Amino acid sequence: MRTGYRRMLLPVIFWLAYFLYEWLTNAYWMSEYERYFFNALIIVPITFTATLFTTEVLIKRLLRKDKVWQFWLVLILSIIFFGVTRRAYNYFYVYPVYNPEYARTMPFLFFPKVVIEAVNIYLIVALYSMFYFKQAWYEEQRVSQALQKDNVEAQLQLLQSQVQPHFIFNTLNNIYSMAIKSNPQTPDLIYRLSALLSYMLYDSKQALIPASKELQYIYNYIELEKIRYSNKLDVSINVYDELTNFCIAPLLLLPLVENSFKHGVSDCLESSWIRMDLSIKDDWLTVKIENSQHNKSQVNGHKHNTTGNGIGIENVKQRLHLLYNGNHEYKCIHDEQTYLTVLRIKNIEA
């Protein structure tokens, strides 16, 4: 609403300033305020009409629709028309009343006089058109940025909507089996699953959250995944710096941990390990996630996975591009035994 009010206010100020210019500058030198007030009441509407015709018809309906030759033809005709109109006002009213000694000493359509009248009008038209183009450019930029922002937000919502860990149903089944057996771990696992779902439903809607909260979510995820792997999995998380004051986009680190489970642990019959290191230096967060793997096929699957219910590495790359364009580094290093993911992101103020 403020933008629309400002768009209306600025033209009013422009034409009021032009009216005062036509009235007071001439009236001051000639000390004839009433005469030049009436003169301004005629001249300003003529100029205003010429300007309105130029911007709303010539520019909007012809020039901006690439009708270039029609634009120039109608512009020339309109310059002649409004020049002659102002010449008629001066010739038939101003000169006979206020300058009778000059009245009709030269023909009505005297070319130099018509040119002078047209120039007087179209200097104002050109000035207002510059103002008009500038305002139109700012408006197009505003709309473009708004559309771009809406597009980015829509893409992020689409990508984030995919962050629904596929393990939830398996976890519920596992918890159900443990509850039947009266396993003492059942209440703790229910609590962790509840906290995980709460994070996904509520905290993930925020633009930024402390990295420490994302890490707590990962802890809950790991504890739930451990149900399936019991003693064959070793997970270590090392935090070298305080993460509370470092903000990141929610659900950004989980996919990296999820892929470590899916492709470094889930298909392995041997003991496996996952190591996660987090550190902060010069306002950059560095996250290193490394996991064991035991055959080449897992390497290929881990790198290129975008199937199933997990969001996959490509999803992570898209979110990084949208949220941290120019403020992140991402790379993967793998061999036959290990897979290492390194992510660096810059702190973004909330």
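Here goes a summary of the coordinates provided. Throughout this description, residue numbers start from 1 for each chain and increase along the sequence as written. Per-residue local features of the predicted model are confined to residues with pLDDT of at least 70, and side-chain atom pairs are confined, for both listing and counting, to 80 or more; whole-chain, interface and lining totals are unaffected and use all residues. The basis for every side-chain value is the complete set of heavy atoms in the structure, and neither hydrogens nor water enter the calculation.

### As for the packing of helix 6 (residues 186–201) against helix 7 (residues 211–229)
Point 1. Under this scheme, a helix contributes an axis fitted over its contacting stretch, all axes are lines through C-alpha atoms, and angles between N-to-C directions fall in the 0 to 180 degree range. A run of H or I in DSSP becomes a helix once it reaches four residues, and a run of E becomes a strand once it reaches two; helices and strands are each numbered from the N terminus. In contact at an axis separation of 9 Å, helix 6 and helix 7 are set at 135° when each is read in the N-to-C sense. What the angle tells us is that helix 6 and helix 7 run oblique. As for how helix 6 packs across helix 7, the hand of that crossing is left-handed. Within the contact between the two elements, helix 6 uses Leu-189, Arg-192, Leu-193, Ala-195, Leu-196, Tyr-199 and Met-200 and helix 7 uses Lys-213, Glu-214, Tyr-217, Tyr-219, Asn-220, Tyr-221, Glu-223, Leu-224 and Ile-227.
Point 2. Residues are grouped as follows: Ala, Val, Leu, Ile, Met, Phe, Trp, Tyr, Cys and Pro are nonpolar; Asp, Glu, Lys and Arg are charged; all remaining types, including Gly, are polar. In terms of residue class, the contact of helix 6 with helix 7 is built from eleven nonpolar, one polar and four charged. Roughly parallel means an angle under 35 degrees; roughly antiparallel means over 145; roughly perpendicular covers 65 to 115; every other angle is labelled oblique. The sense of a crossing depends on the near helix, which, turned anticlockwise from the far helix by less than a right angle, makes the crossing left-handed and, turned clockwise, makes it right-handed. Two residues form a contact once any of their heavy atoms are found within 4.5 Å.

### Considerations on the sheet that holds strand 7 (residues 338–346)
Point 1. The strand order 2-4-5-7-6 describes an open sheet built from five strands, whose pairing is mixed. In the strand order of this sheet, the two ends are held by strand 2 (233–239) and strand 6 (328–334), each with one partner. When strand polarity is set aside, the average angle formed by the axes of neighbouring strands in this sheet is 10°. Paired strands are those between which DSSP finds at least two bridges.

### Comments concerning the pattern of salt bridges
Point 1. Salt bridge criterion: a side-chain nitrogen from Lys or Arg within 4 Å of a carboxyl oxygen from Asp or Glu. Under the criterion given, the structure shown has seven salt bridges.
Point 2. A salt bridge links Arg-86 to Glu-117, with the nearest nitrogen and oxygen atoms 2.9 Å apart. Placement of the pair is Arg-86 in helix 3 (residues 68–98) and Glu-117 in helix 4 (residues 111–161), with a sequence separation of 31 residues. Across the pair, exposure class does not vary: Arg-86 and Glu-117 are buried alike. Exposure categories follow from relative accessible area, calculated using a 1.4 Å probe and restricted to protein chains: below 20% of the type maximum is buried, above 50% is exposed, and the middle band is partly exposed.

### What about the nonpolar core?
Point 1. In terms of nonpolar packing, the biggest core is built from 46 residues, with Phe-261, Met-276, Leu-278, Leu-285 and Ile-345 touching the most fellow members.
Point 2. Considering every element that reaches this core, the biggest residue donor is helix 7, with eight residues.
Point 3. Not counting residues within four places of it along the chain, the set of residues in contact with Ile-345 comprises Phe-246, Ile-248, Leu-252, Asp-283, Trp-284, Leu-285, Leu-320, Tyr-324, Asn-327 and His-328.
Point 4. Formed by 24 residues, the second largest nonpolar core is a distinct cluster that contains Ala-50, Phe-82, Val-94 and Tyr-95. Only buried residues count toward a nonpolar core, which is a set of Ala, Val, Leu, Ile, Met, Phe, Trp, Tyr and Cys residues joined through side-chain atoms within 4.5 Å.

### With respect to the pairing of strand 5 (residues 284–292)
The side chains of a regular strand alternate between the sheet's two faces.
Point 1. Counting buried residues along strand 5, seven of its nine residues qualify, which places the element largely inside the surrounding structure.
Point 2. Connecting the antiparallel pair strand 4 (residues 272–281) and strand 5 is a turn made up of two residues, with Asp-282 showing a positive phi of about 50°.
Point 3. One ladder, built from nine bridges, connects strand 5 with strand 7; its direction is antiparallel. Across the sheet, the residue bridging to Thr-286 is Arg-344, located in strand 7.

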